Amino acid sequence: MPALIFDCDGVLADTERFGHLPAFNQAFREFGIPVEWSDADYARKVLIGGGKERMASELTADLVSRARLPADAAGQAALVAEWHRRKTEIYTGLVASGALPARPGILRIVNEALVAGYTLAVASTSAEASVRAVLTHVVGVTTAAQFRIFAGDSVAAKKPAPDIYLLALDQLGVTADDAVVIEDSANGLRAALAAGISTVVTVSGYTRDEDFAGASLVVTSLGEPDGEVTAVLVDAAGVHPRAYITISDIDAVLAGASPGAVEPERSDGHERKHL
């Protein structure tokens, strides 16, 4: 049974600009931290994999001194974890409020994949609570229950390291040749390719100008038959989709040449398990 593995942020919904960014800023305000990211600031922060890592990037010597924050590594890690827990609560509240509409075509392609017999999963660097909230909001409780979720700190290194995708392949019991990933960022694409998985990229607001070399297909969105039309930016696999992406297009990516990664290693030094 083949697997279709989705990234979360920017793929299931436009979560970065309308969810994560305001949640980070609100958390900073609540903790009295003199940091507020603009849209341009956050365009740079999204290049850092993981929310805690993004927050920790602000812990410069100057900020630590001005805000009288812990100077030791353990104290800073505990503080960032506290910030991030609150940020996740704020974010999940935004999701529950309906503030983050699904990206075009997601629910349709999920339903088509289920009918076609695909195993479904989400592989994300975001906290699991955040991923579950978005997934449930986008596809509904019943359909969300049919997904496996691999998220947050379940691996040692976050994207662009391949760890999260290697874990997904291992736990799903499929080979890289039997999986397709849907991503929106260059970091996510590099992670999937390093795991040997063919990848479809649906660009999002912060990622459109990134380098997607190696992707099988790059599109503006999955599109809808009665809504947004898919614009094809790169069609390296020769899929030739029409006005919107269908499961037949995913089948074509799956049937095409694999990225040909050579047994990548996890960041912890362990070799990838042969499946």
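Because the structure is a prediction, the values reported are computed rather than measured. (Residues numbered from 1 in each chain as written. Predicted model: local features only at pLDDT ≥ 70, side-chain atom pairs only at ≥ 80, totals over all residues. Heavy atoms only, no water.)

**Things to note about the overall build of the chain**
Turning to step 1, where the next piece is worked out: Secondary structure summary: the chain contains 11 helices and 7 strands in total.
Turning to step 2, where the next piece is worked out: Taking 19 Å as the expected radius of gyration for a compact globule of 275 residues, we find that the chain reaches 19 Å, a close match to that expectation.
Turning to step 3, where the next piece is worked out: Each principal axis of the C-alpha atoms in the chain carries an extent, and together these give about 55 × 45 × 35 Å.
Turning to step 4, where the next piece is worked out: The buried share of the chain, taken over its 275 residues, is 51%.
Turning to step 5, where the next piece is worked out: Carbon and sulfur atoms form 52% of the exposed surface of the chain, whose accessible area is close to 11700 Å².
Turning to step 6, where the next piece is worked out: In the chain, the 23 positive side-chain charges and the 36 negative ones have mean positions that sit 5 Å from each other. (Helix = DSSP H or I, 4+ residues; strand = E, 2+ residues; numbered from the N terminus. Rg over C-alpha atoms; globule rule 2.2 N^0.38 Å. Buried < 20%, exposed > 50% of the residue type's maximum accessible area, 1.4 Å probe, protein only. Areas by Shrake-Rupley, 256 points an atom, 1.4 Å probe, with all protein chains shown as cover. Lys, Arg positive; Asp, Glu negative; His and termini not counted. Charge placed at Lys NZ, Arg CZ, Asp CG, Glu CD.)

**Let's talk about helix H10 (residues 186–194)**
Turning to step 1, where the next piece is worked out: Burial analysis of H10 places 7 of its 9 residues in the buried class, the great majority of the element.
Turning to step 2, where the next piece is worked out: When we look at burial in H10, the residues that qualify are Ala186, Asn187, Gly188, Leu189, Ala191, Ala192 and Leu193.
Turning to step 3, where the next piece is worked out: Summarising the contacts, the buried residues of H10 are in contact with helix H9 (163–172), strand E4 (179–183) and strand E5 (198–202).
Turning to step 4, where the next piece is worked out: Two residues or fewer past H10, Gly196 is found with a positive phi of approximately 85 degrees. (Contact = heavy atoms within 4.5 Å.)

**Here we look at helix H5 (residues 73–96)**
Turning to step 1, where the next piece is worked out: A rise of 1.5 Å per residue sets the reference length of H5, with its 24 residues, at 34 Å; its end C-alpha atoms lie 34 Å apart and thus fit the reference within 8%.
Turning to step 2, where the next piece is worked out: Among all positions of H5, only Gly75, Gln76, Leu79, Val80, Trp83, His84, Lys87, Thr88, Ile90, Tyr91 and Val95 are buried.
Turning to step 3, where the next piece is worked out: Close packing links the buried residues of H5 with helix H1 (15–30), helix H3 (51–56), helix H4 (61–66) and helix H7 (128–139).
Turning to step 4, where the next piece is worked out: A positive phi of about 85 degrees marks Gly98, the residue just after H5. (Expected span 1.5 Å × (residues − 1).)

**Focus: the confidence of the model for the chain**
Turning to step 1, where the next piece is worked out: For the chain, per-residue confidence averages 91 on the pLDDT scale, and residues scoring 70 or more make up 93% of the total.
Turning to step 2, where the next piece is worked out: Across residues 260–275 the pLDDT falls below 50, and counting only partners more than four positions away or on other chains, this stretch makes 29 contacts in the model. (pLDDT = per-residue confidence, 0-100.)

**Observations concerning the pairing of E4**
Turning to step 1, where the next piece is worked out: Among the 5 residues in E4, 5 count as buried, and that is most of the element.
Turning to step 2, where the next piece is worked out: By the bridge criterion, 4 bridges tie strand E1 (residues 3–6) to E4 in an arrangement that is parallel. Its bridge partner lying in E4, Ile5 is registered against Val181.
Turning to step 3, where the next piece is worked out: In this view, the connection linking E4 to its parallel neighbour E5 by way of H10 has right-handed handedness. (Pairing = 2+ DSSP bridges. Right-handed = clockwise from strand over helix to strand, strands pointing away.)

**Side note on the packing of H1 against H5**
Turning to step 1, where the next piece is worked out: With their axes 8 Å apart at the nearest point, H1 and H5 run at an angle of 135 degrees to one another. Our classification of the angle between H1 and H5 gives oblique. Crossing angle aside, the handedness with which H1 passes H5 is right-handed. Taking contact as the criterion, the partners of Thr15, Phe18, Gly19, His20, Pro22, Ala23, Phe24, Gln26, Ala27, Phe28 and Glu30 in H1 are, on H5, Trp83, Arg86, Lys87, Ile90, Tyr91 and Leu94.
Turning to step 2, where the next piece is worked out: Residues of the contact of H1 with H5, tallied by class, amount to 10 nonpolar, 4 polar and 3 charged. (Axes fitted to C-alpha atoms, helices over the stretch in contact; angles between N-to-C directions. Parallel < 35°, antiparallel > 145°, perpendicular 65-115°, else oblique. Left-handed = near helix turned anticlockwise from the far one by under 90°. Nonpolar A, V, L, I, M, F, W, Y, C, P; charged D, E, K, R; others polar.)

**Considerations on the environment of Gln146**
Turning to step 1, where the next piece is worked out: When you line up the elements, Gln146 lands in the loop between helix H8 (141–144) and strand E3 (147–151).
Turning to step 2, where the next piece is worked out: A residue is classified by how much of its surface remains accessible, and Gln146, at 44% relative accessible area, is partly exposed.
Turning to step 3, where the next piece is worked out: Once the C-alpha coordinates of Gln146 and Arg85 are considered, the two residues, 61 residues apart in sequence, prove to be 26 Å apart.
Turning to step 4, where the next piece is worked out: Every residue in contact with Gln146, bar those within four places of it in the chain, is listed here: Leu114 and Leu120.

**Section: the pattern of salt bridges**
Turning to step 1, where the next piece is worked out: Scanning the model with the defined rule gives 13 salt bridges in all.
Turning to step 2, where the next piece is worked out: Note that Lys159 and Asp7 form a salt bridge whose closest N and O atoms lie 3.0 Å from each other. Taken as a pair, Lys159 in the loop between E3 and H9 and Asp7 in the loop between E1 and H1 lie far apart in primary sequence, 152 residues in all. Grouping residues by exposure puts Lys159 and Asp7 together as buried.
Turning to step 3, where the next piece is worked out: Between Lys158 and Glu53 there is a salt bridge, with its nearest N and O atoms 3.2 Å apart. Of this pair, Lys158 sits in the loop between E3 and H9 while Glu53 sits in helix H3; the two residues are 105 residues apart in sequence, bridging distant segments of the chain. (Salt bridge = Lys/Arg side-chain N within 4 Å of Asp/Glu carboxyl O.)

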